[in-house]
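Listed here are the chains, written in short residue letters.
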Amino acid sequence: MSLRADVGVDLDGFELDISLTVEPGETIAVLGPNGSGKTTLLRTLAGLIALDRGSIVLDHGTEAVLDDVSRGIFVPPERRSVGMVFQEYLLFGHLSALDNVAFGLRAGGMSRAEARRLAGDWLGRLGLADQAGSRPHRLSGGQAQRVALARALATDPAMLLLDEPLAALDVATRRQVRRDLRGHLAGYDGVRILVTHDPLDAYALADRVAIVDAGRLVQVGTIADITAHPRSRYVADLIGTNLIAGDLTADGLVTAGGITIAVVADFTGPAFAVIRPQSVTLARDASATSARNTVTGIVDEVDRMGDRVRVSIDGPVRLVAEITVRALDAMDLRPGDTVHAAVKAVDIETYPR
C-alpha cells in the first residue's frame, strides 16, 4: 500500500502546500512547530478538510482517488479506508470500550454480534480484555489510547493516521505505550503517518521523517539524514545545534545580516553552515582566543544539564555553546553578561541550501 498526496488548502489566511509520498511498509513521522500545518495535513488525508487544489491517491492493490480538485472528486470521510487516532482520543463517553471499538465496524454494516466479537479480539491484542465493559472515564490515559488505536485498526483501514497519540500521557506511560505501538505498527500493512512533536517518537516509530514549517515541507529523510544536515532553524533547535544560512563566497559564508564567517569549503553559492555547540568556545576577553570567527553577544539563557551547560548568546549571529560547569563558574557567566564566542573555521560544516 502506498500514498501520493499533493495537498493544497487555504484556511483563514493560512496556506498548506505539501507533496508527500509514503512507500509500502513504511511509517512517516511528521514534525514541525505549533501552527505549521501538521494536523491540517492529517485532516485533509482523512477527508475532514476538502482540498482547494491537488490530489490524494491511496494505492492498496488498486488506486483509490480520494481527492482530485481538477476532476471534481471528493470521497467523504466515512467512505475512506482510513483509521485515525486523535490526540484527545475522542472516545464516545456513553459507550463501553468494547462498543467504542465496535462502532466503526457497525457503521460499515457488520452485525452487532460480529462487530462485538472482533472488537473483543482487538481489545485482547492490546491487553485490554479486562476493560471491555469500562466506559472512557474509568480508563487511564494509556488504556484510552489503546482503545482509540483498537478502534482505528479494527476496520482494517488502508491508511492509519496518528495525531500526537502519546502527547497526553505521562512520561512512564508514554514509554510503555510507545513500545506497544511500535509492535502494532510493525504488524500493520497499511500506510502509516504519525504526527508528533517529540523526536523520540519519530526515532522509535518512524522509518522517515517529514519536517513541516509554515505550511511547507522543508525536509524529508531518515533521522540520521536530517540530524546530519538540518535545513531549517526548527530542525537545528530540535537536535540542539547551530544552523546559519548565507551565501558562500571566496571570503566565507556571508549571512543576510552582512556578517562574514570564515569556513573551509570547496563550493560557492547559497549554503548552510552547521556549528556544533561543543565547538563554540566562550571568553570574557576577546583577546583570549585565536579563532578566526569571534562574535560578541549577550548571554541570553544558561541551561545546566548535569555536568554540561548550554549557553545561548544573542548577537549578530545567534549561537548556542556547550561548556562545562567548571568553565561556567570560572567565567561567572549570567544572563545579561557580555561574552565573546569563538569557533574555528575547520569546525564548521557547510553544505548547499
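Above this note sits the structure.
All of the points below concern the structure found in this document. Everything numeric here is computed off the predicted structure, so don't read it as measured data.

Turning to the packing of helix H2 (residues 97–107) against helix H4 (residues 141–154), a few remarks are in order. In contact at an axis separation of 8 Å, H2 and H4 are set at 25° when each is read in the N-to-C sense. Comparing the axis directions of H2 and H4 gives the class roughly parallel. The element H2 and its partner H4 pack so that their crossing is right-handed. Residues Ala97, Asn100, Val101 and Leu105 of H2 lie in contact with H4, whose contacting residues are Val147, Ala150, Arg151 and Ala154. For the contact of H2 with H4, the residue count by class is 6 nonpolar, 1 polar and 1 charged.

What follows concerns the environment of valine 320. Topologically, valine 320 is positioned in strand E19 (residues 319–324). Judged by its relative accessible area of 18%, valine 320 is buried. In this structure, the C-alpha to C-alpha distance between valine 320 and arginine 276, residues 44 residues apart in sequence, is 8.4 Å. Not counting the four nearest positions on each side in its chain, valine 320 is found in contact with Asn242, Pro277, Val280, Arg310, Val311 and Ser312.

Read across the sheet, 5 strands follow the order E16-E20-E17-E18-E19 without closing on themselves; strand pairing throughout is antiparallel. Of all the strands in the sheet, just strand E16 (281–283) and E19 have a single pairing partner and so form its edges. Taken over all neighbouring pairs, the strand axes of this sheet differ in orientation by 45° on average, direction set aside. Pairing of strand E18 (residues 308–314) with E19, which is carried by 6 bridges, proceeds in the antiparallel orientation. Its bridge partner being in E19, serine 312 is matched across the sheet by valine 320.

Right, let's talk about the layout of surface pockets for a bit. Considering only enclosed or pocket space, the largest pocket measures out at about 710 Å³ in volume. Together, 22 residues line the largest pocket, and Pro77, Glu78, Val82, Gly83 and Gly104 are the ones closest to its centre.

The next subject is the pairing of strand E8 (residues 159–163). Taking burial as the measure, the 5 residues of E8 include 5 buried ones, the bulk of the element. Here E8 shows a buried face lined by Met159, Leu161 and Asp163 and a second buried face lined by Leu160 and Leu162. As defined by bridge partners, strand E7 (residues 82–85) adjoins E8 across 4 bridges and the pair is classed as parallel. What sits directly across from valine 85, in E8, is leucine 162. Note: E8 against strand E9 (residues 191–195), 5 bridges, orientation parallel. The partner of leucine 162 across the bridge, within E9, is leucine 194. Once you follow E8 into helix H5 (residues 171–186) and on to E9, the crossover reads as right-handed.

How each quantity is defined
- Residues numbered from 1 in each chain as written.
- Predicted model: local features only at pLDDT ≥ 70, side-chain atom pairs only at ≥ 80, totals over all residues.
- Heavy atoms only, no water.
- Axes fitted to C-alpha atoms, helices over the stretch in contact; angles between N-to-C directions.
- Helix = DSSP H or I, 4+ residues; strand = E, 2+ residues; numbered from the N terminus.
- Parallel < 35°, antiparallel > 145°, perpendicular 65-115°, else oblique.
- Left-handed = near helix turned anticlockwise from the far one by under 90°.
- Contact = heavy atoms within 4.5 Å.
- Nonpolar A, V, L, I, M, F, W, Y, C, P; charged D, E, K, R; others polar.
- Buried < 20%, exposed > 50% of the residue type's maximum accessible area, 1.4 Å probe, protein only.
- Pairing = 2+ DSSP bridges.
- 1 Å grid on protein atoms, 1.4 Å probe; cavity = no way out; pocket = protein on both sides within 12 Å on 5 of 7 lines; lining within 4 Å.
- Points joined across faces, edges and corners; volume = space filled by probe spheres on them.
- Right-handed = clockwise from strand over helix to strand, strands pointing away.

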